Amino acid sequence: MAETNRGKLKLYIGYAAGVGKTYKMLEEAQLLKSQGIDVVVGYFEPHGRKETIAKTEGLEIIPRAKIPYRGSVFEEMDVGAILVRHPQICLVDEFAHTNVPGSPRAKRWEDIEIIRNAGIDVLTTMNVQHLESLNDQVWQISGIRVRETIPDWVVQQADEVVIIDLSPRALLHRLERGVIYDREKVERALQNFFRESTLAALRELALRETAHEIEHRAIKDEVEIAAKPSEQKQTKDHRILLLVTTDPNTAMLIRRAKRVADFLEAECFAVAIHTSNDLNRMAYQDREAIERHLNFARNMRIETRVLAGSDTAKTLIDFAHTNQITQVFLARNRKQSYSLFWHEGLLQKIVRLARDMQVVIVSEREPETE
Amino acid sequence: MRSMNREMRRKTPEEILHEVQAEEAAVQRHLKIFLGYASGVGKSFRMLDEARRRLERGQDVVVGAVQPVVPAEVSKLMSKLEIIPLKKYLGGLAIDLDALIRRRPAVCVIDGLAYNNPPGLRNPTRWQDAQELVNAGIKVIGSINIQYIEELREQVEAVTGKHITETVPVSFIKSADEIELVDAPPEEPIDRSPEQQIDAEQREKRLSILREMALVLTADVVDHQLGDYLEKHGVKHQFGMQERILVYLTPRANAVEMIETAQRIADRFHAELIAAYAKRPRLSAEDESAIEEKLAIARAAGIPIEILAAENAIDALLVFARSRGITQLFIGHRQSSRRLLWGDPVDQLIRRSQGMDVRIFPQ
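Source: prediction; values computed, not measured.

## Topic: the overall build of chain A
Helix and strand content of chain A: 15 helices and 13 strands. Counting contacts in chain A only where the partners sit at least 6 residues apart, residues at least 24 apart contribute 74% of the total.

Laid out in structure tokens, this is it:
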């Protein structure tokens, strides 16, 4: 449809605050401006960093919108003003940002969609830890559950992805010199994301993710270059099915299954199975959990179904057979399936029934704490 | 890992910073490499810009080698720095190693690490010169293009169609204390004729592959460094973020499907791939030849094979998997009509496989 008129998206990926994403983006904006391109700054987060602020010199900055919330006034990007101004290219810092309640849209990436739909190119920045499918791994590395996440499909829409790389050592030096945060923030930062080993692990994630994003685009463009022989022998297409339950591990299962599906270019389905015919007869908390998980799966662009059946394993595998599923993903549930050791657990039964497909038992990745 | 976390939590940020500084001061050898995927991505600029910043911070910095032709912004940077020019030898130019060692700067910048030296010098290549400087206690900041890595030569030649004669071994890259990737997407040329358009698209695809290689190599170096770092801090088995797949082979495993799937996933995730089998003391001749057949498939696929010898195959498998930081374990499973009881090996394995995904293949 309007695909061709849609603005392009360029994404600067980093692994921590202070690696220089915004700086690099502004540098590019300056270059574009010097070439006579109409570029404006739609949203910029200065964080009090002098070198970065200096890079905005001479660039037009669209004033922020004021959003009143609970007696205070918050500032967010003014999408309306950007659309009226209608530049060729718009810079928007912090792709993963969540807008204050009362803003027209909940997420900044949704704001960016609107800007791009108007035919404006967007340059934006994000850290790898905000990618939804990496949430569990980031937790494992850092012990931090990142709450502001971006669905993978949104990131996959970027036309260009560039990594801003810096060694953790150089980053720590910057931090120490106060380039990144003011003094009081340094302590907290160092204890969380800024431990050297954490930084190295996040950096590795960012590098691998960028490699994947590039490969993904190349595959999409149907690259046929003899350099990668493994690409040539195209194996059968995979179709992945995951089981949504009330188990809190389901969120992890969804992220993991979707990630594998994305990497294998496979289709991904999620089903919830309830034993009574009526979802309404389920206990309220259970129903709420199932619906929350299904909704999460849909946000990740997974096709979802709710099936009824008295035998969960059989219903799941029947569905799998009808839909040519090749891989079934299940969460390893620590409590339930092991306590009933004299029974055949759900997991064991699924494995037994899945005679012609692979079954993947996804395990929790937990940070190693005492 | 457990004890280390506890220990790290007790440290204050100042202590951590001091440690970083102390380590820096204590390290005699220091090598930093800027890696790019093509010429023109800005390696030289990034490297010389760092040299400028160090100079401004009062460090004694000299430039030992630059590219013969440099863009204006790079020559502007160079004008601020002390340069020890390349020396003319019979058959070409090389860095003036003796002059550099006599001059003894704190930091020396060396562009184009892959160059071969003219014949007859004590080091045949420039990266070996750099190594000599590093060993002499001079901090070296160098740059290299992914196209000149020895181990990637075949792949690169297949992509670029160019024959490569000057390379640096990957071990040298991995010996770097710091590596930074200089990334930029392939440039988009404007206003092209249809033929030029096709050329440009081909070029873009080639560059994408090279770019991906550079990203993965950098990630591998970071993974390696992370392992070193954690080991230095007393952590034995800790791994980076690379996916690591272990295929567990048994006489009746569907090895073809398991290996095919493993290779596809390994390829997409840039994962490491290992196969293992547990050697049982009394194996029937039939099983013996069956397992040999499976192992041959793995061997033909170039997958390293680990032989596990232990009383309990599951124990051995899990111990091995954890020692290698496995994230995905592939196993075969026979669907019998009877119920899987508690003692079923697969069941046991799933129960004890915390931290890794288990992929079960029907057989």
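## Thoughts on the domain arrangement of chain B
In terms of domains, chain B is made up of domain 1 (28–232) and domain 2 (244–362). Using only C-alpha atoms to locate each centre, domain 1 of chain B and domain 2 of chain B end up separated by 41 Å.

## Digging into the domain arrangement of chain A
Residue and element names in this part refer to chain A. Looking at chain A, the domain boundaries give domain 1 (2–220) and domain 2 (235–362). Each of domain 1 and domain 2 has a C-alpha centre, and the two are 34 Å apart. In this assembly, 9 residues from domain 1 lie in contact with 10 residues from domain 2. Tallied by class, the residues present in the side of domain 1 that touches domain 2 amount to 3 nonpolar, 3 polar and 3 charged.

## Focus: the pairing of strand β1 (residues 31–36) of chain B
All names here are of chain B. Most of β1 is tucked away, with 6 of its 6 residues classed as buried. Residues Leu-31, Ile-33 and Leu-35 point to one face of β1 and Lys-32, Phe-34 and Gly-36 to the other, with burial holding for every one of them. Note: β1 against strand β7 (residues 139–145), 6 bridges, orientation parallel. Bridge pairing links Ile-33 to Gly-142 in β7. Direction of pairing for β1 relative to strand β8 (residues 178–181): parallel, over a ladder of 4 bridges. By the bridge assignment for β8, Leu-35 is matched with Leu-181.

## Regarding the nonpolar core
Counting 120 residues, the largest nonpolar core has Ile13(A) and Leu35(B) as its most contacted members. If one sorts the elements of this core by residue count, helix α9 (residues 194–232) of chain B sits on top with 13 residues. Counting 74 residues, the second-largest nonpolar core is a separate cluster that includes Ile302(A), Ile350(A), Val247(B) and Ala275(B).

## Focus on the packing of helix α13 (residues 312–322) of chain A against helix α15 (residues 346–353) of chain A
Residue and element names in this part refer to chain A. With their axes 9 Å apart at the nearest point, α13 and α15 run at an angle of 35° to one another. Crossing angle aside, the handedness with which α13 passes α15 is right-handed. The residues of α15 that touch α13, namely those facing Thr-312, Ala-313, Lys-314, Leu-316 and Ile-317, are Leu-346, Lys-349, Ile-350 and Leu-353. Residues of the contact of α13 with α15, tallied by class, amount to 6 nonpolar, 1 polar and 2 charged.

Definitions and cut-offs
- Residues numbered from 1 in each chain as written.
- Chains lettered and ligands numbered in written order.
- Predicted model: local features only at pLDDT ≥ 70, side-chain atom pairs only at ≥ 80, totals over all residues.
- Helix = DSSP H or I, 4+ residues; strand = E, 2+ residues; numbered from the N terminus.
- Contact = placed C-beta atoms within 7 Å.
- Domains from an automatic or database assignment.
- Nonpolar A, V, L, I, M, F, W, Y, C, P; charged D, E, K, R; others polar.
- Buried ≥ 20, exposed ≤ 12 C-beta atoms within 10 Å, placed from the backbone.
- Pairing = 2+ DSSP bridges.
- Core = buried A, V, L, I, M, F, W, Y, C linked by C-beta atoms within 7 Å.
- Axes fitted to C-alpha atoms, helices over the stretch in contact; angles between N-to-C directions.
- Left-handed = near helix turned anticlockwise from the far one by under 90°.

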